[in-house]
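Here is how the chains run, residue by residue.
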Amino acid sequence: MALPDSVTTCLSQPVHYVICKLGFEKKDTYDIDNILSGNGEVCWQAVTEHVCYLESDQSVDYIKSIRLLGPVCESVNSYFKSLTKEQFVIQYASWFHWTNCTEVFLEVFDVLQSTQATQVALGLMKLTSCLERALGDVYLLKGNDCPFLLRDLLASEQLADVFGQAVMDVLRIFIGSPHGLNLRNVLWHGFASPQEIPAKYCAMLLFLTAGLGQLLQTYLLQTKGVLVHRPYVIFIRLEELDAFPGNEILSIAEELVKLSSFVLKMMLPFWIAALTAFKQSRYADSVILLLPQLEVGLRMLFTTTNKCPNRLLTAETSALYTTFDEMLSKHLDNEVVNQLPVVLEEPAMESILKDFLWDFLNHQEGPRIRDRLSHGEINLETFPREIANQIVGFAITILCRFSDESMVSLKEHMVIKPLMNCASCYQSRFHPISRLKKQVLECMKSIHLWPELATVAEEQVLKIKGLEGNAEPNTLILMISGIISQLQHYMPQNCCSSDDPINGILTERLLVELCDTRICTLYSPRPVLEVVVVLRKISAQCHQVSQQVIAGAGLRHTQWLNKTLRSRQRLNYRRMLNSIKFLSPVLRLILLLITLELVSVHSVCKKNPFDYQQYLKFLKSVLQYTENLVTYTSPEKNKWDETMELTKNTLIKIRKISDRKLMLMHLAT
């Protein structure tokens, strides 16, 4: 597919005027001493007097205000350039402590001394991210739930109470309002090229942040308040994010960047800077630079394939930006099918494009990299290399897909081929269905530990009065075997063993094979997600039961050996051991039902909506059983006789529904 190569800006004409020209119209020279006191503090009244308001409703007149503030910003930028780093640190470093990111703001000062537009843009992105997080901490001095969007945060009464409404109006001129400069959004969403962001606006925001620190200090002294910083998000289980091989790909990445049609020429400096940052182990910087470029590149694909080229540019205040969310959706806002997946032609590319982006950016249980970086929720100094490596790897697969045919030799490079192979095999890791698969396998591993539990000798059971001739566990085992026989036709043949249905079929190997079945997770309909929610709750309850059994059996065995159990406790302990005989296969059967449901749920929900509703009711009854099981097997209850009776009733339900389920699965296939 041919992509436009004539794009020179992604800023619409009105937005380009506001950012690149409006603040330069007044040629006056502004005296920095007007807004600086003798000890270097910000004179806020002198700043706020440049804010104009509309006569109609007294809202901010952004156009007039930006025009008036232009010379002030220029003066602040010149002032900072006149300072040495030591002078700046002595005078201003303490005023950035309230942000909990002092080093980031000191870095921004260093950037302003250079002439590298790319670094200024990067510095501004980091500054707005850290500033938003700090303002959220201040909000929590007076409010409870901090607004997610910056524009709502800046418009809040809570911040106006702390800093004053006039001060908040100044901030909204620079960030947070689509009517103003809106610097944060045009950068984080990939609309602005490096040369389109005046350095003086970065300088002004640095200056204003110091001024906010001065106001906050006064407020905290007056109210005797203490500013508490929310903890950063910490990524765990980084191995789950591992999709692409290591950074050997960097050896030819720069060549790809220069030749791929996915890269807009005016954005090339951002790509080069991102790869350089990765090489220098500045992983947060690398990802901060790459994410907006991936967005603008995909926006170019999106607008080209859906024949809406005007949406490549920044939207006006009356419309929304075309962002990742819409580009990844199934339909456009007019219900027309999104053509982006269609033109990718290769199923593997569609999968890596959408599954990977949904995993890393959107799914609630995923890392949500862009949200967390742009809202200041991640410690930039400790950003994981593993995550940066995945973003770089994904970017290179996209660059390869949209590179010239003359680059065949490069695509066949020994480093690129493994990367593309990884892309073609990628499956979602953080979709609810994927998380359910993981839950099932983790629960099965826990249940597999039961045979290793230390127990008393079998003959000692017979010595305990009250347990003689109890054949109930054997009855339950027979019921489980019968249900397994009903379901056996819908399992892989190599996993079946008619000699021992329970130990030969209800195995970890079977669940692994079923969970390896590729299931489409993109655009899962609501009924499917409703079923998955219930299945996940069931799986979680089963896992909790397993953990309680393991902990309880270990404790009771120790007490048995130490002869510290009273008579009733000894009897209850043996009831527990008897119950374990049937509880293990019951839980394994439930896990099998969950995985079989996953394989067929899309088709069943689509073809048999009524049957789906009936089956959903059944699943909720199984959930109720597992919730009761958690209660009965808890250390506080230890109701093992009740557990047996409850299980028997549930198995009867499962046996009845399994007949019906077989028909549903047959219809689905």
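Residues numbered from 1 in each chain as written. Predicted model: local features only at pLDDT ≥ 70, side-chain atom pairs only at ≥ 80, totals over all residues. Heavy atoms only, no water.

### Brief notes about the pattern of salt bridges
Thought 1: Counted under the stated rule, the structure contains 25 salt bridges.
Thought 2: Between Lys-438 and Glu-240 there is a salt bridge whose closest N-O contact spans 3.1 Å. Residue Lys-438 is located in helix α22 (residues 432–447), and its partner Glu-240 is located in the loop between α11 (199–223) and α12 (250–259); the two are separated by 198 residues in the primary sequence.
Thought 3: Glu-240 gets classed as buried once you look at its relative accessible area, which sits at 13%.
Thought 4: Between Arg-435 and Glu-365 there is a salt bridge, with the nearest N and O atoms lying 4.0 Å from each other. Highlighted residues: Arg-435 in helix α22 and Glu-365 in the loop between α17 (347–362) and α18 (369–374), separated in sequence by 70 residues.
Thought 5: Assessed through its relative accessible area of 40%, Glu-365 is described here as partly exposed.
Thought 6: Each of Arg-237, Glu-240, Glu-365, Arg-435, Lys-438, Glu-442 and Arg-536 takes part in one network of salt bridges that share partners. (Salt bridge = Lys/Arg side-chain N within 4 Å of Asp/Glu carboxyl O. Helix = DSSP H or I, 4+ residues; strand = E, 2+ residues; numbered from the N terminus. Buried < 20%, exposed > 50% of the residue type's maximum accessible area, 1.4 Å probe, protein only.)

### Thoughts on the packing of helix α13 (residues 268–279) against helix α14 (residues 283–305)
Thought 1: Closest axis-to-axis distance for the α13/α14 pair is 7 Å, and the angle between their directions is 155 degrees. By the angle between their directions, the pair α13 and α14 is classed as roughly antiparallel. In this structure, the crossing between α13 and α14 has a hand that is left-handed. On α14, the residues that touch Phe-270, Trp-271, Ala-273, Ala-274, Ala-277 and Phe-278 of α13 are Tyr-283, Asp-285, Ser-286, Leu-289, Leu-290, Gln-293 and Leu-294.
Thought 2: For the contact of α13 with α14, the per-class residue count stands at 10 nonpolar, 2 polar and 1 charged. (Axes fitted to C-alpha atoms, helices over the stretch in contact; angles between N-to-C directions. Parallel < 35°, antiparallel > 145°, perpendicular 65-115°, else oblique. Left-handed = near helix turned anticlockwise from the far one by under 90°. Contact = heavy atoms within 4.5 Å. Nonpolar A, V, L, I, M, F, W, Y, C, P; charged D, E, K, R; others polar.)

### Regarding the nonpolar core
A general tendency of soluble globular proteins is for nonpolar side chains to be buried together.
Thought 1: Counting 156 residues, the largest nonpolar core has Phe-80, Tyr-92 and Phe-174 as its most contacted members.
Thought 2: For this core, the domains that each give at least three residues are domain 1 (13–223) and domain 2 (247–425). (Core = buried A, V, L, I, M, F, W, Y, C linked by side-chain atoms within 4.5 Å. Domains from an automatic or database assignment.)

### Regarding the packing of helix α3 (residues 62–82) against helix α4 (residues 85–92)
Thought 1: Where α3 meets α4, the closest approach of the two axes is 8 Å, and the angle between their N-to-C directions is 115 degrees. By the angle between their axes, α3 is roughly perpendicular relative to α4. Residues Tyr-79, Phe-80 and Ser-82 of α3 pack against Gln-87, Phe-88, Gln-91 and Tyr-92 of α4.
Thought 2: For the contact of α3 with α4, the residue count by class is 4 nonpolar, 3 polar and no charged.

### Section: the environment of Ala-553
Thought 1: Mapping Ala-553 onto the fold places it in helix α27 (residues 526–561).
Thought 2: Judged by relative accessible area, which is 1%, Ala-553 ranks as buried.
Thought 3: Sequence separation between Ala-553 and Ala-454 is 99 residues, and the spatial gap between their C-alpha atoms is 7.6 Å.
Thought 4: Setting aside its immediate chain neighbours within four residues, Ala-553 contacts Leu-453, Tyr-573 and Met-576.

### Remarks on the environment of Trp-358
Thought 1: With respect to the helices, strands and loops of the structure, Trp-358 is situated in helix α17.
Thought 2: Accessibility expressed as a relative area gives 25% for Trp-358, which makes it partly exposed.
Thought 3: Taking the C-alpha atoms as reference points, Trp-358 and Leu-522, 164 residues apart in sequence, are found 8.9 Å from one another.
Thought 4: Aside from chain neighbours lying at most four places away, what touches Trp-358 is Leu-328, His-363 and Leu-522.

### Side note on the side chain of Ser-481
Thought 1: With respect to the element layout, Ser-481 can be found in helix α24 (residues 472–487).
Thought 2: Residue Ser-481 is classed as buried on the basis of its relative accessible area of 16%.
Thought 3: Each residue touching Ser-481, except ones within four places of it in the same chain, is listed here: Pro-501 and Ile-502.

### A look at unusual backbone geometry
Thought 1: A positive phi is found at Arg-368, a non-glycine position, where the angle reads about 45 degrees.
Thought 2: Relative to the helices and strands, Arg-368 is located in the loop between α17 and α18.
Thought 3: Unlike most non-glycine residues, Lys-563 shows phi in positive territory, near 55 degrees.
Thought 4: Along the chain, Lys-563 turns up in the loop between α27 and α28 (567–607).
Thought 5: Under the relative-accessibility criterion, Lys-563 is labelled exposed at 76%.

### Examining α24
Thought 1: Here α24 spans 23 Å end to end across 16 residues, near enough to the 22 Å set by a 1.5 Å rise per residue.
Thought 2: Where α24 is concerned, the buried positions are Pro-473, Leu-476, Met-479, Ile-480, Ser-481, Ile-483, Ile-484, Gln-486 and Leu-487. (Expected span 1.5 Å × (residues − 1).)

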